[in-house]
Amino acid sequence: MNLEELIAAVLDVEPERVTAITTRDEIETWDSLAQLSLVSALEETYDIVFTSAEMQELVSVPVIRTVLRARSVDC
Amino acid sequence: MTATPLTALQRRLLWRRVSAGLTQTNGTTVVLSTFTANPLEALVGAALHTEGLSTKMVTGPYDQIISECLVQGSETDLLQPNTVVVWPRLEDLWRAQPLPLVDQLSDYSQMIVDVAVAAADAAERWKATLVFVLPAQPELRPLGVGDAGNPVGVIAAWESARLDVRTVLAGRSGVLVADAEQSVRCLGVRAATDPRTLTAARVPYTDALFCLVADDIARLLRLAKFGARKVAIVDADNTLWGGVVGEDGADGIDLLDNGPGEAFRAFQSWLLELRRSGTIIGVASKNNEADLWEAFGRSEMVLNQAHLAAWRVNWSPKSQNIAEMIDELNLGLASAVFIDDNPLELSEVGESLPEVALLQMPIDASYWMREIAESGLLDRLPPTNEDLGRAESYSAETQRRTVRERMTPEEYLRSLEIAVLCSDPLSSDIARLSQLVAKTNQFTLGGYRHSESELRGLLADSQVRIRMISVIDKFGNYGVVGATIVRSTSSGSLLDTFVLSCRAMGRGVEEAMMADVCELSETAVRVNVLLTPRNLPGRTFFESIGAFVGEEALLSSVRWPVHVKRTISE
């Protein structure tokens, strides 16, 4: 599963709805509880731990990718 | 044999597939807690599915255990659940008090005892099974390392509260008790708790912890529904002792101290403990029978022939031997657990007798207890009241009576000493209001959400009245929890927005907000409630005051609830 597929799976939407530039506003299921599941799934999948500040910033695929790459995650 | 446990994400995806196919006939499990327990929902759902007990899952409103249990017509009451999971945290119940330091321990256990009794009473009314999760040890301990020695400190109060809860719940039928502390121990505090999600969303625990607690909940419900397994059938070579008696001879097998032999003897002692609690022990071994009994004759053996209810010592397939023994004992195959070190024997039995549960003795016998405990295959519930001759505990009855006397729904609400302040926001309040409007999903009209800049525009509009709602009760200050927006139009007042944080639901705050709206409006207020997937609490409230989905209501006389104090602005 690539990053977009993982995000789509957690948010329970069709994989094609999540692209490299998708943001939280575009996905109706991306609410605050889904945000927690997403953070938890990203941490579990990539074996990393976000800071509290990062957890709140992860509201779009580009930002998620930037934060993950800053942690040397290949995604 | 234990498979690799699924990750939290795998469980969530599994649950999504499974839950789509569930209907009312599968029954409903409601989770109630003092913290945000929504992440637990899918994990319990998946764990129950794995145990063959799929039900629909619902997370009840945040921090409303007692009112959900006591108030007729509460969200949970309306669902008439088959199973209720109740999980309070002591930190949350103790919010109104300083942490235990010098006061009596009973000051710190009464609240959780009230929660437990209210939950058990409600479960009885709903004919539901209650799974009460005993709280884990609070992490905040002002004395730090010194708390351990304080007989009225945090740990002492936690221990005494748990004991009191166990005592009031013991012997009540339909009540199961799980233990969050057990799971925290298993993971360690750092892997079990997450301070980030606690501050961000009042989720105190990690998915890893929720997975373990979910598994325990499912195991308990499986035990309650299908009963404990009654027979343990064990292999002999490399299971009861180290080595193979047919090759090493009775003198050569390992039952010695200070080494693997000691682990095998510990396993035998544990089989005797099982036997004491009612489990039947059998042996299935591929050996010459004479060799086997010679090994049993070793003085270090803990188990002896008299402890065995059945045995088969021959060269036939083990599945055949097990089936014969189960038949001889007049039991069902599903009541048996087969323990062997040899994966080939286990899979032979598994293929022929799929109902029999399988447990592999680890290659390093020292780990036998961990394997068994983690498998849960030989777990049992405590003896029931029926078993003990209905010796209902006097203290439990007394506690229950007190709570009934003390806690009618009205009295409960009154005891909260809620005060609501409805005020006109300043422009500095708009950021908070906009956050509320954006984040509130459950208690809304379901209509359009204004953005922050739109709210600033509305604040300046003389035809619009925005109200900001702050709440305080004896447990503390909730802060700004709600907002209403009313527009004056040529056809009278229109309720444009109504949002209330779930933290403050179900305590009369919503009535107070609508009373405020009605009082400020010169005409009756037009209310349109829309249906969204998440706004059931909002819809339920508006229905109760006469505003139904899909038809415009005119409201003019919502009363300020008597138990809610009115705090006057400025």
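For the structure itself, consult the block above.
These notes cover the structure that comes with them. In this numbering scheme, every chain counts its residues from 1 along its sequence in written order. Chains and ligands are labelled sequentially in the order written, the chains with letters from A and the ligands with numbers from 1. Per-residue local features of the predicted model are confined to residues with pLDDT of at least 70, and side-chain atom pairs are confined, for both listing and counting, to 80 or more; whole-chain, interface and lining totals are unaffected and use all residues.

**A short note on the overall build of chain B**
Line of reasoning, step 1. Secondary structure summary: chain B contains 23 helices and 17 strands in total.
Line of reasoning, step 2. Projected onto the principal axes, the alpha-carbon positions of chain B cover approximately 100 × 55 × 45 Å.
Line of reasoning, step 3. Counting other C-beta atoms within 10 Å of its own, a residue is labelled buried from 20 upward, exposed at 12 or fewer, and partly exposed in the gap between, with every C-beta atom placed from the backbone. Counting over 570 residues, chain B shows a buried share of 41%.
Line of reasoning, step 4. Within chain B, residue pairs in contact and separated by at least 24 positions form 71% of the contacts whose partners lie at least 6 positions apart. By the criteria applied, helices consist of DSSP H or I runs no shorter than four residues and strands consist of E runs no shorter than two, each listed in order from the N terminus. Contacts here follow a simple rule: the backbone-placed C-beta atoms of the two residues must lie within 7 Å.

**Side note on the interface of chain A and chain B**
Line of reasoning, step 1. On the side of chain B, 17 residues touch chain A, which itself brings 13 residues to the contact.
Line of reasoning, step 2. Every element with two or more residues in the side of chain A that touches chain B is listed here: helix 2 (32–46) and helix 3 (52–57) of chain A.
Line of reasoning, step 3. It is helix 2 of chain A that provides the largest number of residues to the side of chain A that touches chain B, a total of eight residues.
Line of reasoning, step 4. As a working rule, the residues Ala, Val, Leu, Ile, Met, Phe, Trp, Tyr, Cys and Pro are called nonpolar, Asp, Glu, Lys and Arg charged, and the rest polar, with Gly in that last group. Taken together, the residues of the side of chain A that touches chain B sort by class into five nonpolar, five polar and three charged.

**Considerations on the sheet that holds strand 6 (residues 231–234) of chain B**
All names here are of chain B.
Line of reasoning, step 1. Strands are labelled as partners when DSSP assigns at least two bridges between them. Spatially, 8-7-6-9-10 is the arrangement adopted by the five strands of the open sheet, whose pairing is parallel. The strands lining the two open edges of the sheet, one partner per strand, are strand 8 (310–313) and strand 10 (357–360). Adjacent strand axes in the sheet meet at a mean angle of 20° when their direction is disregarded.
Line of reasoning, step 2. Where strand 9 (residues 336–340) and strand 10 come together, four bridges link them in parallel fashion. Bridge pairing in strand 10 links Ile339 to Leu359.
Line of reasoning, step 3. The strands touched by helix 16 (residues 343–352) within the sheet are strand 9 and strand 10, with strand 10 carrying the most contacts at an inclination of about 175°. Every axis in this analysis is a line fitted to C-alpha atoms, fitted for helices over the stretch in contact. Angles between the N-to-C directions lie between 0 and 180 degrees.

**Details of the sheet that holds strand 4 (residues 129–134) of chain B**
Residues and elements named next belong to chain B.
Line of reasoning, step 1. An order of 2-1-3-4-5 is seen for the five strands of this open sheet, with the pairing classed as parallel. Two strands close off the open sheet at either side, each with one partner strand: strand 2 (56–59) and strand 5 (175–179). Averaged over neighbouring strand pairs, the angle between their axes works out to 20° when direction is ignored.
Line of reasoning, step 2. Taken together, the four bridges between strand 1 (residues 28–33) and strand 2 define a ladder with parallel strand orientation. Within the sheet, the bridge partner assigned to Thr29 lies in strand 2 and is Met57.

**Section: unusual backbone geometry**
All names here are of chain B.
Line of reasoning, step 1. The backbone phi angle of Gln80 is positive, close to 45°, even though this residue is not glycine.
Line of reasoning, step 2. Within the element layout of this structure, Gln80 appears in the loop between helix 4 (75–79) and strand 3 (83–87).
Line of reasoning, step 3. Look at Asn258: it is not a glycine, yet its phi comes out positive at around 55°.
Line of reasoning, step 4. Position of Asn258 among the secondary structure elements: in the loop between helix 12 (245–248) and helix 13 (260–276).
Line of reasoning, step 5. On the basis of neighbour count, Asn258 is assigned to the exposed category, with 6 C-beta atoms found within 10 Å.

**So, the environment of Leu555 of chain B**
Residues and elements named next belong to chain B.
Line of reasoning, step 1. With respect to the secondary-structure elements, Leu555 resides in strand 16 (residues 553–555).
Line of reasoning, step 2. Judged by the 19 C-beta atoms lying within 10 Å of it, Leu555 falls in the partly exposed class.
Line of reasoning, step 3. Put simply, Leu555 and Val525 are 30 residues apart on the chain and 5.1 Å apart in space, counted from C-alpha to C-alpha.
Line of reasoning, step 4. Those residues in contact with Leu555 that sit more than four places away from it in its chain are Met514, Cys518, Ala524, Val525, Val527, Ile545, Gly546 and Ala547.

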